[in-house]
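Below are the chains, spelled out letter by letter.
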Amino acid sequence: MTTVSGEFSVKMTPEAMSAVAAETGLGRMSLDKQYHGPLEASGKGEMLAFMDRALMSGAYVAMELVQGTLEGRRGSFLLHHTGTMERGAAGLAVLVVADSGRDELAGLSGKLQIRIEGGKHYYDFDYALPAVA
């Protein structure tokens, strides 16, 4: 596995829910990200979430299409996010969807970790790619 790190910005915009979903207290957001550094790309996606603010417990799932370059290799891939919070204790897994890599990123696998420090967002991306032919 290769590990790269960098900064990213994210804009989350509330989106309308179906009547069935709205009754459950779920929220829906669109994601618009810009990754910088070894991963120079844009990320667009959708997130479904629930949060009980009084108890600080909830969860979210998201799918994100990332398009750009990874250490100079151009292409796209999908990320699957699963986040949980139980009474304030957070858990997060962001994984590359198997076989979702396209163009020069075909065969990509990996896991992306998110850090928030000083109000800024950072990523640490552990990935593997087949050798260039």
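The text that follows walks through the structure, step by step, so that each part is easy to find. Throughout, residues of each chain are indexed from 1 in the direction in which the sequence is written. Given that the model is predicted, a residue must reach a pLDDT of at least 70 before its local features are reported, and side-chain atom pairs must reach 80 or more before they are shown or counted; all residues, however, enter totals for whole chains, interfaces and linings. As a rule here, side-chain values cover all heavy atoms of the structure and leave hydrogens and water aside.

1. Quick look at the nonpolar core
A general feature of soluble globular proteins is that nonpolar side chains tend to end up buried together.
Point 1. In terms of nonpolar packing, the biggest core is built from 17 residues, with Tyr 35, Leu 39, Leu 70, Phe 77, Leu 79, Tyr 123 and Phe 125 touching the most fellow members.
Point 2. Numbering of helices and strands runs from the N terminus, with a helix taken as a DSSP run of H or I at least four residues long and a strand as a DSSP run of E at least two residues long. If you list the elements that add at least two residues to this core, you get strand S1 (2-14), strand S3 (39-52), strand S4 (57-70), strand S5 (73-86), strand S6 (89-96) and strand S9 (120-128).
Point 3. At three residues, the largest contribution of residues to this core is made by S9.
Point 4. We call two residues in contact whenever any of their non-hydrogen atoms come within 4.5 Å of each other. Ignoring any residue separated from it by four or fewer positions in sequence, one finds Phe 77 in contact with Leu 39, Glu 64, Leu 65, Val 66, Val 96, Ser 100, Gly 101, Leu 105, Leu 108 and Phe 125. To define a nonpolar core, start from buried Ala, Val, Leu, Ile, Met, Phe, Trp, Tyr and Cys residues and group those joined through side-chain atoms within 4.5 Å. Here the term buried applies to any residue with accessible area under 20% of the maximum for its type, exposed to any over 50%, and partly exposed to those in between, with areas from a 1.4 Å probe on protein chains only.

2. What to know about the layout of surface pockets
Point 1. Only protein atoms enter the 1 Å grid used here, on which a cavity is any set of points holding a 1.4 Å probe that cannot leave and a pocket is any open set flanked by protein within 12 Å on both sides along at least five of seven lines; residues with an atom within 4 Å of a point are listed as lining. Grid points are joined across faces, edges and corners, and a volume is the space filled by probe spheres set on the points. When its volume is computed, the largest pocket comes out at roughly 820 Å³.
Point 2. Lining of the largest pocket is provided by 30 residues; of these, Met 12, Met 47, Ala 49, Tyr 60 and Met 85 occupy positions nearest its centre.
Point 3. For the lining of the largest pocket, the secondary structure elements donating two or more residues are S1, strand S2 (27-35), S3, S4, S5, S6 and strand S8 (109-117).
Point 4. Top element by residues in the lining of the largest pocket is S2. It accounts for five residues.
Point 5. For the lining of the largest pocket, the residue count by class is 18 nonpolar, eight polar and four charged. When residues are sorted by character, Ala, Val, Leu, Ile, Met, Phe, Trp, Tyr, Cys and Pro go into the nonpolar class, Asp, Glu, Lys and Arg into the charged class, and all the rest, Gly among them, into the polar class.

3. A look at the pairing of S5
Point 1. At least two DSSP bridges between two strands are required for those strands to pair. Sheet topology places S4 next to S5; 13 bridges connect them, and they run antiparallel. If you follow Ala 62 over to S5, its bridge partner there is His 81.
Point 2. In textbook terms, the turn of a hairpin is the stretch between consecutive antiparallel strands, and for S4 and S5 this stretch comprises two residues, one of which, Glu 71, has a positive phi near 45°.
Point 3. Sheet topology note: the S5/strand S7 (residues 102-103) ladder contains two bridges and is antiparallel.

4. Describing the pairing of S3
Point 1. Inspection of the sheet shows S2 paired to S3 by nine bridges, in the antiparallel sense. Paired with Gln 34 across the two strands is Ser 42, which belongs to S3.
Point 2. Here S2 folds back onto S3, and the loop between the two strands holds three residues, one of which, Gly 37, carries a positive phi near 105°.
Point 3. In the sheet, S3 pairs with S4 via 14 bridges, with the strands oriented antiparallel.

5. Looking at the environment of Ala 62
Point 1. Following the sequence through the fold, Ala 62 ends up in strand S4.
Point 2. Overall, Ala 62 belongs to the buried group, its relative accessible area being 3%.
Point 3. Through-space distance from the C-alpha of Ala 62 to that of Ser 30 is 9.3 Å; in sequence the pair is 32 residues apart.
Point 4. For Ala 62, the residues in contact, after removing those within four places along its chain, are Leu 31, Glu 46, Met 47, Leu 79, His 80 and His 81.

6. Concerning the side chain of Thr 69
Point 1. Relative to the elements of secondary structure, Thr 69 occurs in strand S4.
Point 2. Thr 69 gets classed as buried once you look at its relative accessible area, which sits at 17%.
Point 3. Setting aside chain neighbours within four positions, we find Thr 69 in contact with Pro 38, Leu 39, Glu 40, Ala 41 and Arg 74.

Everything listed here is a matter of geometry and, on its own, says nothing about what the molecule does.
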